[in-house]
Amino acid sequence: MTATLMDGKAFAADLRANVARQVSALKTETGVTPGLAVVLVGEDPASQVYVRNKGRQTVDCGMASFEHALPETTSQDDLLALIDTLNADDQVHGILVQLPLPAHINADLVINAIAPDKDVDGFHVSNVGLLATGQKAMVPCTPLGCLMMLRAQHGSLSGLNAVVVGRSNIVGKPMAQLLLRDSCTVTIAHSRSRNIEALCRNADILIAAVGRPEMVTGDWIKPGATVIDVGINRIETPDGKARLVGDVAFDSAAQVAGAITPVPGGVGPMTIACLLANTLTACCRSLGQPEPDGLTA
Ligand code: NDP
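Worth saying up front: this structure is predicted, and the values here are computed from it rather than measured.

What counts, and where the lines are drawn
- Residues numbered from 1 in each chain as written.
- Predicted model: local features only at pLDDT ≥ 70, side-chain atom pairs only at ≥ 80, totals over all residues.
- Heavy atoms only, no water.
- Pairing = 2+ DSSP bridges.
- Helix = DSSP H or I, 4+ residues; strand = E, 2+ residues; numbered from the N terminus.
- Axes fitted to C-alpha atoms, helices over the stretch in contact; angles between N-to-C directions.
- Contact = heavy atoms within 4.5 Å.
- 1 Å grid on protein atoms, 1.4 Å probe; cavity = no way out; pocket = protein on both sides within 12 Å on 5 of 7 lines; lining within 4 Å.
- Points joined across faces, edges and corners; volume = space filled by probe spheres on them.
- Buried < 20%, exposed > 50% of the residue type's maximum accessible area, 1.4 Å probe, protein only.

Colleague: Got a sec to walk through the sheet that holds strand β2 (residues 35–41)? Specific residues and values, please.
Modeller: Strands belonging to one sheet form pairs held by backbone hydrogen bonds; the direction of such a pair is parallel or antiparallel. A sheet is described by the order of its strands in space; here three strands give the open sequence β3-β2-β4, paired in parallel fashion. Sheet topology places β3 (64–70) and β4 (94–97) at the edges, where each strand pairs with a single neighbour. For this sheet the average axis-to-axis angle between neighbouring strands, irrespective of direction, equals 15 degrees. As paired strands, β2 and β3 are joined by seven bridges and run parallel to one another. By the bridge assignment, L40 is partnered in β3 with A69. Of the strands in this sheet, β2, β3 and β4 are in contact with helix α3 (residues 76–88), which crosses β2 at around 175 degrees.

Colleague: Let's hear about empty space enclosed by the protein: which residues, and what values?
Modeller: In total, this model carries one cavity of 30 Å³ or more according to the counting rule given. A volume near 40 Å³ is recorded for the largest cavity. Surrounding the largest cavity, I95, L96, V97, I111, I114, D119, D121 and F123 form its lining. Among the elements that make up the lining of the largest cavity, the one with the highest residue count is β4 (three residues).

Colleague: Pulling in residues and values, what's your account of unusual backbone geometry?
Modeller: One can expect most non-glycine residues to show negative phi and most peptide bonds to be in trans. Here the amide bond leading from L99 into P100 is cis, since omega sits at 0 degrees, within 30 degrees of zero. As for its placement among the helices and strands, P100 is situated in the loop between β4 and α4 (107–111). Look at the link from V263 to P264: it is a cis peptide, with omega at 0 degrees. Along the chain, the position of P264 falls in the loop between β11 (259–260) and α10 (267–287). With phi around 55 degrees, E214 is a residue other than glycine that occupies positive phi space. Assignment of secondary structure puts E214 in the loop between β7 (205–208) and β8 (226–229). Overall, the relative accessible area of 32% leaves E214 in the partly exposed class.

As structure tokens, this is what we get:
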């Protein structure tokens, strides 16, 4: 391997420590404890694990965690009523509704019912619009984490060719907006893109957010490029065990790239750390305090 390993675990630990320091300072200054409400509908085991982790890390950073676990049969109206209550609750500065929601609930409607200032996932159309127009927004956590790692790796990203593979609302599109905001030349590739390998070989920064195990191989990568692998895919190994892999074939890519994130231990840990950062940011904004240092896009 020749590439530098971008250690998301270590980066996320530093970020959480930074959040905890600033939470403590905010409490001393204002007496206010930032609070994050997480709403889970249903009993999906993976979502339950995520929600538990979020709650634990929120408390570890000195913030208040409010967990709302609702049954799978919860009606859309009842969920919207809970969102209304949380919107009006002064102790709650961030609201996250764990996705996916059961099929009988309209996720867009629910997300857009969250007060934009408390929308720490950054999925509300107001925040999408603010980001797209270069205004102060709540920025989706996974792309924010990728951006922080890229800035730490490169300093300025200005003028670099960035290719984002994937155009989802939660990763691909906001990632592209953030890179554009940092003056990259941005290409977004997707399932209909022609000659995707050639597009990727032009990238100084390559972001893979596809959900296809090890799709991006070493021969797609420009020598020396920085490769951020957002994908989390569970595959079965020949001996019947489960293993997590990214959207990038790590071994071949690491022979060509200049820097690369592993899976697991790359972007994944940054996502929750950025959720905590966004909660503190939301709290500071609600109090009219200065933006927290080094936690925003
Ligand atoms: P989506 O399924 O919403 O989007 C996938 C995107 O990849 C789509 O835009 C799709 O194109 C594109 N795509 C699919 N197949 C191909 C292909 N063969 N060639 C080019 N593009 C293709 O996924 P998400 O954005 O939600 O997630 C992507 C990955 O990131 C997943 O593995 C997910 O688990 C992971 N993830 C990780 C997070 C973390 O914390 N690290 C957080 C969120 C996601 P089209 O639009 O044309 O269909």
